[in-house]
Amino acid sequence: MAQCVTRVELSVACEHLLDRDVGSKSDPLCVLLQDVGGDRWAELDRTERIKNCQKPEFSKKFIIDYYFEKVQKLKFGIYDIDNKSFDLNDDDYLGGIECTLGQIVSSSVFTRPLELKKGKPAGKGTITISAEEIKDARVVYLEIEARNLDKKDFLGKSDPFLEFYKQTDAGTWQLVYRSEVIKNNLNPSWRKFSVPLQTFCGGDFNKPIKVQCADHDNDGSHDLIGRFETNLTQLQKAGDSSPVEFECVHPEKKQKKKSYKNSGIIRIKSCKIERDYSFLDYVMGGCQINFTVGIDFTGSNGDPKSPDSLHYISPDGINEYLIAIWSVGSVVQDYDTDKLFPAFGFGAQIPPNWQVSHEFALNFNPSNPYCQGIQGIVDAYRQILPQIRLYGPTNFSPIINHVARFAAHAAQQGNASQYFVLLIITDGEITDLDHTRQAIVNASKLPMSIIIVGVGEADFKAMEFLDGDNGVLKSMTGEPAARDIVQFVPFRQFKNAPREALSQMVLAEVPKQLVSYYKLQGWPPVKLPEVKQM
């Protein structure tokens, strides 16, 4: 195995992007792909989408392991996003570049013209990528509010958001964080956020930080409300009882008017610096990952005896349900010491009374629904198929709430010892969407993740909606999910791909989701990693 030399953080900005939208500017997003051999590319991550902007500076950074001895081919693609789907094939391509991580790392600022395809430039579009080695595992947590901000909108109040910039060694300003927009509010309170210390100020507590507050406009022409400069040493003086206040000053207004004081006050309510723990820190520190499977036995799957049914077991003993169980289970089982996995079905009539059940144990033993290893789940599935009647409706919420009860019990222990992963395999025709939304919002506050694998050829719009990649999922009452815990993957995209491809895509989010939960709680690993002295 190649030794990971270091981790690097890549910041991306573009200029002069093509304009693909009629009547407004493009809404760009950057996706990063890595060459995995055989002319195949795997997506590593993507930035946020910036509306109406031909000169975007993305606030989301790419973190990538750098191996000195490997040629790591990368592809950066810029897309104009005009819909909610995760798939980029239906979005306009604004250009991209192929390069190696070595090229980026060895130039202090790496700028290249964007190309639509090899040798065909994307207008005057360029991409600039800057790399920084991550040497510091600490994170800055900030809680900020403002009061008496200037009113910028003709009909309503301002829609303020914050941007933080650090000063680079060359003296330029680089974006490190952009907050959410708070609509129609001159006294906003932004949600607590965290930025790696390295990103925030390069680990230098006295490095100048510029904070800008602006009024968000949908057409991308945001109006400056005011700005101020500070550094981490000053910000750190903020404590729970004594916030640090800064005057938000608009330079032009200050020049024009003698009597001008400020355009509002920005208050730093708290500023804390903590150590950041990785997924491996938690797992090696004793966190168990508990894996549960939920299988869709509703009538829309088709009669299991018929070859066109999704539950039909082919002569070589497989179907899409079984492949999904094997692919995901084989990776997750390594993190679970007892290898006992609860497995449930939903949406079928079960003997002896033939009542519809939305959470029945595959082994028909409700008091002990555990199967021994992944093979145990597969065996139980094969045995139960001829004994039940596929029916309906397709309700996800009972099984999500079932696992959430276990996760809630684990959370009461107040430490990072148990995390739950629920795999739901379904043909996608969900009936109880509203109850499921509520169940997911409730579960987002618990140590659990939900993976949904969609089998068959159905329209999975509802599933993509539950996967909060395009904005925060909200319950019917408008309560937002505390964190994004759902990952949806359509099986058909992986029909001809190697089995590892499905498990990689499906499980890609779990480490981030696990870390985000414990971070939110402020819980370190049960056994703390030894700190290596540099």
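Named according to an unreviewed UniProt entry, the protein is Copine-3 originating from Crypturellus undulatus. The Sequence similarities (unreviewed entry) field of the UniProt record for the protein holds the comment "Belongs to the copine family." For the record of the protein, the UniProt heading Subunit (unreviewed entry) holds the text "Monomer. Interacts with ERBB2 (preferentially with the tyrosine phosphorylated form); this interaction occurs at the cell membrane and is increased in a growth factor heregulin-dependent manner. Interacts with SHC1; this interaction may mediate the binding of CPNE3 with ERBB2. Interacts with RACK1."

Undergrad: Explain the overall build of the protein residue by residue, including any values.
TA: Looking only at helices and strands, one finds twelve helices and 26 strands in the protein. Taken against the 2.2 N^0.38 rule, which gives 24 Å for 534 residues, the C-alpha radius of gyration of the protein at 25 Å falls within 12% of a compact globule. By residue count, 50% of the 534 residues in the protein fall in the buried class. For the protein, contacts bridging at least 24 residues in sequence account for 70% of all contacts bridging at least 6. On the protein, roughly 26000 Å² of surface is accessible, and the fraction owed to carbon and sulfur atoms is 50%. Taking the average location of the 61 positive side-chain charges in the protein and that of its 69 negative ones, the two points are 6 Å from each other.

Undergrad: Kindly report on helix α9 (residues 433-443), identifying the contributing residues and their values.
TA: Thr436, Arg437, Ala439, Ile440, Val441 and Ala443 are the residues of α9 that are buried. On its buried face, α9 sits against α8 (397-411), β25 (448-454), α10 (461-466) and β26 (486-490).

Undergrad: So what's going on with the packing of helix α6 (residues 320-332) against helix α7 (residues 373-384)? Which residues, and what values?
TA: Contact geometry of α6 with α7 gives a least axis separation of 10 Å together with a crossing angle of 165°. Put simply, α6 runs roughly antiparallel to α7. Classified by chirality, the crossing of α7 by α6 is right-handed. Facing Tyr321, Leu322, Ile325, Trp326, Gly329 and Ser330 of α6, the residues of α7 in contact are Ile374, Gln375, Ile377, Val378, Tyr381 and Arg382. For the contact of α6 with α7, the per-class residue count stands at eight nonpolar, three polar and one charged.

Undergrad: Can you break down the domain arrangement of the protein residue by residue, with the values?
TA: When the domains of the protein are assigned, the result is domain 1 (5-134), domain 2 (138-275) and domain 3 (288-521). Broken down residue by residue, the surface that domain 1 buries against domain 2 is led by Glu57, Ser59 and Glu132, which jointly contribute 41%. At the boundary of domain 1 and domain 2, one finds two salt bridges. In this structure, the salt-bridge partner of Glu48 is Arg178, at a minimum N-O distance of 3.3 Å. Our count for the contact surface shared by domain 1 and domain 2 stands at ten residue pairs in polar contact (both at pLDDT 80 or more). Those elements that provide at least two residues to the side of domain 1 that touches domain 2 are β1 (6-15) and β8 (120-134). In terms of residue count, β8 provides more of the side of domain 1 that touches domain 2 than any other element does, four residues in total.

Undergrad: Give a description of the state of the cysteines that names residues and reports values.
TA: Scanning the entire structure with this criterion turns up zero disulfides. Free of any disulfide, Cys30 has its nearest cysteine sulfur in Cys14, 6.2 Å distant. You can see Cys248 has no disulfide; the closest cysteine sulfur is in Cys213, sitting 4.9 Å from it.

Analysis parameters
- Residues numbered from 1 in each chain as written.
- Predicted model: local features only at pLDDT ≥ 70, side-chain atom pairs only at ≥ 80, totals over all residues.
- Heavy atoms only, no water.
- UniProt positions renumbered as here; feature names shortened; annotations may be inferred.
- Helix = DSSP H or I, 4+ residues; strand = E, 2+ residues; numbered from the N terminus.
- Rg over C-alpha atoms; globule rule 2.2 N^0.38 Å.
- Buried < 20%, exposed > 50% of the residue type's maximum accessible area, 1.4 Å probe, protein only.
- Contact = heavy atoms within 4.5 Å.
- Areas by Shrake-Rupley, 256 points an atom, 1.4 Å probe, with all protein chains shown as cover.
- Lys, Arg positive; Asp, Glu negative; His and termini not counted.
- Charge placed at Lys NZ, Arg CZ, Asp CG, Glu CD.
- Axes fitted to C-alpha atoms, helices over the stretch in contact; angles between N-to-C directions.
- Parallel < 35°, antiparallel > 145°, perpendicular 65-115°, else oblique.
- Left-handed = near helix turned anticlockwise from the far one by under 90°.
- Nonpolar A, V, L, I, M, F, W, Y, C, P; charged D, E, K, R; others polar.
- Domains from an automatic or database assignment.
- Buried area = accessible area lost by both parts, 1.4 Å probe.
- Salt bridge = Lys/Arg side-chain N within 4 Å of Asp/Glu carboxyl O.
- Polar contact = N/O pair within 3.5 Å; in protein donor to acceptor, adjacent residues only side chain to side chain.
- Disulfide = S-S within 2.5 Å.

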